[in-house]
Amino acid sequence: MEEDEEQSGLCVIKGNCDEDSFRLHMVTWNVATADPPDDVTSLLQLNSPKAPDLYVIGLQEVYSGPLRFVSDIAFDDAWSYLFMSVLAPRKYIKVSSIRMQGLLLLFFSKLVHVPFIRDIQTTYTRTGIFGYWGNKGGVSIRLSFYGHTVCFLNCHLAAHMNYATERVDEFESILDAQTFECKKAPAIVDHRLVFWFGDLNFRIQDHGMHFVRTCINNQTFNLLWSKDQLIMMKQKEQMLQEFEEGPLDFQPTYKFDLNSDTYDSSGKKRKPAWTDRILWRLRPKVQLQGKQEESKAELDTKQIKQLEEDVEYPLKVRQDLYTSSMEYGISDHKPVIGMFTLEMRKMYDTPLVRLQPEGDWSADIDAMVVYSPLQPFPSSTWDWIGLYKVGFSNVSDYITYTWVKDNEVAFIEEDIQVYVGKEEIPVKGGECLLCYYSNALKCIIGISEPFKIHASKVAIEEGRQPERINGLDRTVAEDDFWK
């Protein structure tokens, strides 16, 4: 690849050791049971000239009344639907999500990266009412991104000024409780990179209301930092010291009167606080003491692998923006935005499966899909190939699907054929693509180039009604699809 080249929508910056750069846009917002706003352009910075590669959105206090929660289980909740409808036309898909009552975590990626996002798992931990209620706790999504293990943990911790120690205890209990079926990173702290964010509920202690508000009005936020409970707790807690955070150079995001920029004017007059935070942790590097070879001999197998990985596949994190978005007034919290650049050397850049449509497709005849494994992977008879409309919003947003061949022992580069019945193909045609979904890896591991399905004159003449195509109607031009 040439320097300063952008391939297939990938934000690539070449370095001295073939490192690529990826832009990550994160949001945390306690939405206080409110319905979504009409416009999230500012929240997602959709007008930015540099589009992110990934969006990670963590919400707290999403409305979870009994009737609404049941409907949200059957269908996408209003917040998820909003973000999907906004991001899908921009060629992002929702790769994964998890919800625990009011806690919601969404992970979106540009389609070009999707075959390289693997080993996706989600989990949750309740900490409300002695661990039996999910109004407080943490939800997480873990995955490998071009081979690098990453975990996103969205938390809503205990409230009130006097519970700083309890908040740390809750966080550490979540770290201990959440485990994954992954040999390389069975626990959160085993991941190469962890993002911890949410309504962490830490307050500003000791300072009086007048001093706090004066510092906010004068934008001398730094005068408040020494009494921020999270900063104070980091001085005492070893685990917290491993997490980094950008400077709090923005207004405290809690607590506001609704639909205003005025801090709490109710009888309680709660003191403003930076309750909503985004932190990150790079796995500490293995330290060698004394002579390198002698020290290496004392390390266990896991530490040796980590040491080799750190050297061969470097990973760096840079925070480019850390701020609040003051224009949103539907909640008593303001959303917090964090933008990051992840610089890494990819561990792989070849998809596990190559697939393509064979011949012309229309609803007049059965269609053929040809796929071939490019690398070994844990295939299963539960794997399937989905037909999607260009601009689809998530893995389940397929038009139809077909199972891969049963009991098929495939060799690398061997072509395998499966068929899609003509009755499953959209009568009106359109721009579509194929995706191979791995049941074992819980992710898409191969995507075809976009292709055109021709309208069926025969089917229309026979009176077959065009079915409703799952997904969004917004079309992305084929020439622009991979940009």
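The rules behind each value
- Residues numbered from 1 in each chain as written.
- Predicted model: local features only at pLDDT ≥ 70, side-chain atom pairs only at ≥ 80, totals over all residues.
- Heavy atoms only, no water.
- Helix = DSSP H or I, 4+ residues; strand = E, 2+ residues; numbered from the N terminus.
- Buried < 20%, exposed > 50% of the residue type's maximum accessible area, 1.4 Å probe, protein only.
- pLDDT = per-residue confidence, 0-100.
- Contact = heavy atoms within 4.5 Å.
- Core = buried A, V, L, I, M, F, W, Y, C linked by side-chain atoms within 4.5 Å.
- Pairing = 2+ DSSP bridges.
- Axes fitted to C-alpha atoms, helices over the stretch in contact; angles between N-to-C directions.
- Phe/Tyr/Trp six-rings, centres within 6.5 Å; stacked < 30°, edge-to-face > 60°.
- Polar contact = N/O pair within 3.5 Å; in protein donor to acceptor, adjacent residues only side chain to side chain.

Visitor: Which residues make up unusual backbone geometry, and what values go with them?
Guide: Here the amide bond leading from Y254 into K255 is cis, since omega sits at 0 degrees, within 30 degrees of zero. On the secondary structure map, K255 appears in the loop between α7 (238–241) and β9 (276–282). Unusually for a residue other than glycine, Q45 sits at a positive phi of about 50 degrees. If you trace the backbone, Q45 turns up in the loop between α1 (41–44) and β2 (54–60). For Q45, a relative accessible area of 27% puts it in the partly exposed group. With phi around 75 degrees, D206 is a residue other than glycine that occupies positive phi space. Along the chain, the position of D206 falls in the loop between β8 (193–199) and α5 (209–218). With a relative accessible area of 57%, D206 lands in the exposed category.

Visitor: Pulling in residues and values, what's your account of the confidence of the model for the protein chain?
Guide: Per-residue confidence for the protein chain gives a mean pLDDT of 88, with 85% of residues at or over 70. Note on residues 1–16: pLDDT under 50 across the span, and 32 contacts to partners over four residues away in sequence or across chains. Scored below 50 in pLDDT, residues 468–479 makes 25 contacts in the model with residues more than four places away or belonging to other chains.

Visitor: Provide a residue-level description of the nonpolar core, including the pertinent values.
Guide: In terms of nonpolar packing, the biggest core is built from 85 residues, with F152, F195 and W361 touching the most fellow members. When residues in this core are grouped by element, the largest group, six residues, is from strand β18 (residues 430–438). Beyond its immediate stretch of four places on either side in the chain, W361 contacts A367, M368, V369, L387, V420, I425, L434, F451, K452, I453 and H454. Grouped together as the second largest cluster of nonpolar side chains are 24 residues, Y55, L82, L104 and F108 included.

Visitor: Run through the sheet that holds strand β17 (residues 416–420), naming residues and quoting values.
Guide: The strand order β12-β14-β17 describes an open sheet built from three strands, whose pairing is antiparallel. At either end of the open sheet lies a strand with only one pairing partner, and these are β12 (353–358) and β17. Ignoring strand direction, the axes of neighbouring strands in this sheet form an average angle of 25 degrees. Inspection of the sheet shows strand β14 (residues 367–373) paired to β17 by five bridges, in the antiparallel sense. Each bridged residue has a counterpart across the sheet, and for M368 the counterpart in β17 is Y419.

Visitor: Could you give an account of the packing of aromatic side chains, naming the residues involved and the relevant values?
Guide: Summed over the entire model, instances satisfying the criterion amount to 29 aromatic pairs. Judged by centre distance (4.9 Å) and plane angle (15 degrees), the rings of F116 and Y146 are stacked. Here Y146 lies in the loop between β6 (133–145) and β7 (148–156) and F116 lies in the loop between β4 (103–110) and β5 (117–128), a separation of 30 residues in the sequence. When its relative accessible area of 8% is taken as the criterion, F116 is described as buried. With a centroid separation of 4.9 Å and 85 degrees between ring planes, the pair formed by F145 and Y146 is classed as edge-to-face. For the pair F145 and Y146, a shared accessibility class is recorded, and that class is buried. Counting every residue linked through ring pairs, the aromatic cluster contains W382, W384, Y388, F392, Y398, Y401, W403 and Y437.

Visitor: Residues and numbers for the environment of H148, please.
Guide: In this structure, H148 sits in strand β7. Classification of H148 as buried rests on a relative accessible area of 1%. Residues H148 and R192 lie 44 residues apart in sequence; the distance between their C-alpha atoms is 6.5 Å. Apart from the residues lying within four places of it in its own chain, the contact partners of H148 are L143, R192, Y313, P314, L315, M344, R345 and M347. Within the local environment of H148, its side chain forms a polar contact with the backbone oxygen of R345, the two atoms lying 2.8 Å apart.

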